[in-house]
Amino acid sequence: MMMITVILFGAFLTCAHGDGVTDVVLSCTLVEEGVGLGGMGGGSLFKRTPATLVLKDVSVPPDESLETLTPFVPPSIPDPDAILLETKVSSPEIPNVHVLLHADCNDQEVMCEISRYTPRGSQESSDPAYFMVSLNVEGVEFSTALILQTLPVEKDLSTLIQSKLGLPLSQSGTLLTEVIFLVFSHIKSVTAALRGDALLNCGFKQQDVPLAQEVGVEWRLQHRGKGWKVLDMKTSLDDVEGSTVVHAERRGSSMEVAQVVGEGNASLTLNKLRVMDEGTYICTVSIGLFHAQQVIQLHVIQPPHVSLSEEKLVLQTNSPQMLSCHCTKYYPLDAQMEWLSLSPTDTEPTVLPDQGSLSSHRQHGDGTYSLSSHLTLPTSVSPGTKLTCRVSHPALEAPLSVSLVVESPQLGSYWWVLGFLIVTVLFFYQLMR
């Protein structure tokens, strides 16, 4: 079977209407995936053809000006070889679609993939035809999967057929479609503390006339090449009592049934996070014959606890001394440790040229790690020098430091010991006389 994908690389125009809505025109590339050459090294061949996607009736916020926007004008002479998709996005509205208005000015890349979509139990060549569109904008929380349905076109002897897609075009040469179902996420990446809670955002919308009353939501987790189900729910949008069935494979995972039914909110809550909860979560919403997905990344973090092996350090000149810094119970693995020195005559600390030795990473039963750094005091260290162990870690907003000041030898105790030895010698001398 041949699959056709359209990838949109973010070059677009905005075209104004006079009623607070505008059109967003995206320059696209149609990527057709077919069967590759036979024999060794054979694989898929890709043909790239220019394409255009027009999002019609995009709502403009009240504080936005339409004066600088120009109306979208279809080609004066329809071209059956041109790929020009036109879709209404006013009902259902795409959440946060207004970010497309400024993505180009903000140097944010708009990524969109379009593929032919076949509803369950239908034939690929069925009428109407369907498309799946995945929209993402770099650097902002905007991610939406749309299902488009082609609109009927009056056919006569003059009707043009799009040469690559095999679908009838409107009189202006566009392929008319409308959004019938969408799944979106406002937050594509979530960072949460170990043993804390996390909310993974996912929602859906459909046309005013429902595609179906039964809705299914499934959450899956993929991490390090493995995947498993977290939770799935089946319920009815008409809120029939007893129609909801929930299977939670992960203890402490939940969805609010009332929000799924009333608001189209299929967000997942995870309580008491573990390291093994980290990974890629896939939210799949199914209504009738249609389904669409969103992908959300969950990062689990735990800041380290940092301590020194000694509370105080008295300088010894006759033997080498070691000071250890312990960085414990952190996640993820990326911890950096360094030693700094501030002598009594300096105003700013300096990084020691000899950073000592690091232990191997130790992993605990809860998945967190520990690491130690062992420093042999340089011979140049003088009393009053401040030694600092500084630790950097993704869970810390700023590096964490622990310090101590090298103390002078205690001369009073030395003379006490010497006096004790002299008295002892004199005592035994008197006994031996």
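Heads up: the structure comes first, above all this text.
Definitions and cut-offs
- Residues numbered from 1 in each chain as written.
- Predicted model: local features only at pLDDT ≥ 70, side-chain atom pairs only at ≥ 80, totals over all residues.
- Heavy atoms only, no water.
- Pairing = 2+ DSSP bridges.
- Helix = DSSP H or I, 4+ residues; strand = E, 2+ residues; numbered from the N terminus.
- Disulfide = S-S within 2.5 Å.
- Buried < 20%, exposed > 50% of the residue type's maximum accessible area, 1.4 Å probe, protein only.
- Core = buried A, V, L, I, M, F, W, Y, C linked by side-chain atoms within 4.5 Å.
- Contact = heavy atoms within 4.5 Å.
- Polar contact = N/O pair within 3.5 Å; in protein donor to acceptor, adjacent residues only side chain to side chain.

Visitor: If you had to explain the sheet that holds strand 15 (residues 253-254) to someone new, which residues and values would you point to?
Guide: Ordered in space as 10-16-15, the three strands form an open sheet in which the pairing is antiparallel. Bordering the open sheet on either side are strand 10 (198-200) and strand 15, each of which pairs with just one other strand. Pairing analysis gives three bridges linking strand 10 to strand 16 (residues 268-270), with the strands arranged antiparallel. Within strand 16, the position partnered with Leu-199 by the bridge is Thr-269.

Visitor: Any chance you could break down the state of the cysteines for me, citing the residues and the numbers?
Guide: Scanning all chains against the criterion turns up two disulfides. Disulfide pairing places Cys-202 opposite Cys-283 at an S-S distance of 2.1 Å. Sign of the S-S torsion, about -75 degrees for the bond between Cys-202 and Cys-283, identifies this disulfide as left-handed. In this pair, Cys-202 is assigned in the loop between strand 10 and strand 11 (203-206) and Cys-283 in strand 17 (residues 279-287), connecting sequence segments 81 residues apart. A relative accessible area of 1% places Cys-202 in the buried class. Note on cysteine connectivity: Cys-325 is disulfide-linked to Cys-389, with sulfurs 2.1 Å apart.

Visitor: Could you give an account of the nonpolar core, naming the residues involved and the relevant values?
Guide: Phe-181, Phe-204, Trp-219 and Val-285 are the most contacted members of the largest nonpolar core, which has 37 residues in total. Ignoring any residue separated from it by four or fewer positions in sequence, one finds Phe-181 in contact with Ala-145, Leu-146, Ile-147, Phe-204, Lys-205, Gln-206, Leu-211, Val-285, Ile-287, Phe-290, His-291 and Ala-292. Core analysis: the second largest hydrophobic core is formed by 35 residues, Ile-83, Ala-103, Ile-114 and Leu-135 among them.

Visitor: An account of the side chain of Thr-388 is requested, with residue identities and associated values reported.
Guide: Along the chain, Thr-388 falls in strand 27 (residues 386-392). On the basis of relative accessibility, which here comes to 12%, the residue Thr-388 falls in the buried class. Separated by 2.7 Å, the side chains of Thr-388 and Ser-403 make a polar contact. Discounting residues that sit within four places of it in the chain, Thr-388 has contacts with Glu-338, Trp-339, Leu-340, Ser-401, Val-402 and Ser-403.

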